[in-house]
Amino acid sequence: MVEDEERLAQSLGQGLRAEGYAVDVVGDGLHGLARAREGDYAAIVLDLMLPGLNGFRVCRELRNEGNAVPILILTAKNGEYDEAEALDCGADDFLAKPFSYVVLTARLRALLRRGGATRPSVLSVADLRIDPVAHRCTVADRLLPLTGKEFGVLECLARRPDQAVPKTEILDAVWDSAFRGDVNIVEVYVAALRRKLDRAGAGCLIETVRGIGYRLVRHER
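Here is a short report on the structure shown in this document.

About the cut-offs
Residues numbered from 1 in each chain as written. Predicted model: local features only at pLDDT ≥ 70, side-chain atom pairs only at ≥ 80, totals over all residues. Heavy atoms only, no water. Helix = DSSP H or I, 4+ residues; strand = E, 2+ residues; numbered from the N terminus. Rg over C-alpha atoms; globule rule 2.2 N^0.38 Å. Buried < 20%, exposed > 50% of the residue type's maximum accessible area, 1.4 Å probe, protein only. Pairing = 2+ DSSP bridges. Contact = heavy atoms within 4.5 Å. Axes fitted to C-alpha atoms, helices over the stretch in contact; angles between N-to-C directions. Parallel < 35°, antiparallel > 145°, perpendicular 65-115°, else oblique. Nonpolar A, V, L, I, M, F, W, Y, C, P; charged D, E, K, R; others polar. Polar contact = N/O pair within 3.5 Å; in protein donor to acceptor, adjacent residues only side chain to side chain.

Structural notes on the overall build of the chain
Phase 1: The helix and strand tally for the chain stands at 8 helices and 10 strands.
Phase 2: Here the C-alpha atoms of the chain give a radius of gyration of 18 Å, agreeing with the 17 Å that 2.2 N^0.38 yields for 221 residues.
Phase 3: Dimensions of the chain, computed from the C-alpha atoms along their principal axes, are close to 60 × 35 × 30 Å.
Phase 4: Residues classed as buried in the chain amount to 43% of the 221 residues present.

Structure follows, in structure tokens:
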């Protein structure tokens, strides 16, 4: 846990230890990054507003180094742009203060179930390559610029190539648990991805599976 509010860090640490977790606590970004590099952690709870090095930088550095440890961002900054930047930096989840301890532990358990070490380093379909750790997508070695949500939707489909993935599963994988909008928001991002994949000549396309969702398949021209 990287948290500079001493009382909060102490209370959270005590609570998590009481539930059986082994918890290391540091109070600034530089020491947090160093500890994350040295240790084999199952998850990291990371504040954004930290002395020395902010949470965005810590998260980005770890992802750039290929560290896939699940990261839960915990912060007093609760604007949608801060959440988007945290997720684009490679964070797995985001929780704004003040928060419920019950929700924190539930989200932490969800991250631990998903894990990080078993994720494929690179996902491939035709000429498309997706690196979930580096948050990078290429077509025939050329960078394909994607927004955070576009990347998430494409990654979700690429993890199950040639399989029909329900819209609800895409929504659960890419949007956080607080999202209360229409499931059809997925259609907007699929439409944008189709245009980008076609322009880039990716050799794959996203098919609509009526009544279910979408499927990423190799496209023979």
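Looking at the pairing of strand β9 (residues 204–209)
Phase 1: Where β9 lies against strand β10 (residues 213–218), 6 bridges are found, and the strand directions are antiparallel. Of the residues in β10, the one forming a bridge with I206 is L216.
Phase 2: Counting the residues that bridge the hairpin from β9 to β10 gives 3 residues, and of these G211 lies at a positive phi of roughly 80°.

A short note on the sheet that holds β9
Phase 1: The sheet built from 3 strands is open, its strands ordered β8-β10-β9 with antiparallel pairing. Taken across any chain shown, the strands that pair with only one partner, and hence form the sheet edges, are β8 (165–166) and β9.
Phase 2: Here β8 pairs with β10 via 2 bridges, running antiparallel. By the bridge assignment, V165 is partnered in β10 with Y214.
Phase 3: Together, β8, β9 and β10 form the strand contacts of helix α6 (residues 148–158), whose direction differs from that of β10 by roughly 70°.
Phase 4: Running over the sheet, helix α8 (residues 185–200) touches β9 and β10 and is turned about 150° from β9.

Topic: the packing of α6 against α8
Phase 1: Two numbers describe how α6 lies on α8: the axes approach to 10 Å, and their chain directions differ by 85°. Between α6 and α8, the angle falls in the class roughly perpendicular. Here K149, E150, V153 and L154 of α6 come into contact with α8, specifically with Y189, V190, A192, L193, K196 and L197.
Phase 2: Residue composition of the contact of α6 with α8, grouped by class: 7 nonpolar, no polar and 3 charged.

Focus: the environment of Y101
Phase 1: Assignment of secondary structure puts Y101 in helix α5 (residues 101–114).
Phase 2: Taking the relative accessible area as the measure of exposure, Y101 reaches 28% and is therefore partly exposed.
Phase 3: Taking the C-alpha atoms as reference points, Y101 and R194, separated by 93 residues in sequence, lie 40 Å from one another.
Phase 4: In contact with Y101, other than residues within four places in its own chain, are L12, G15, L16 and E19.
Phase 5: Within the structure, the side chain of Y101 is placed 3.2 Å from the backbone oxygen of G15, a separation counted as a polar contact.

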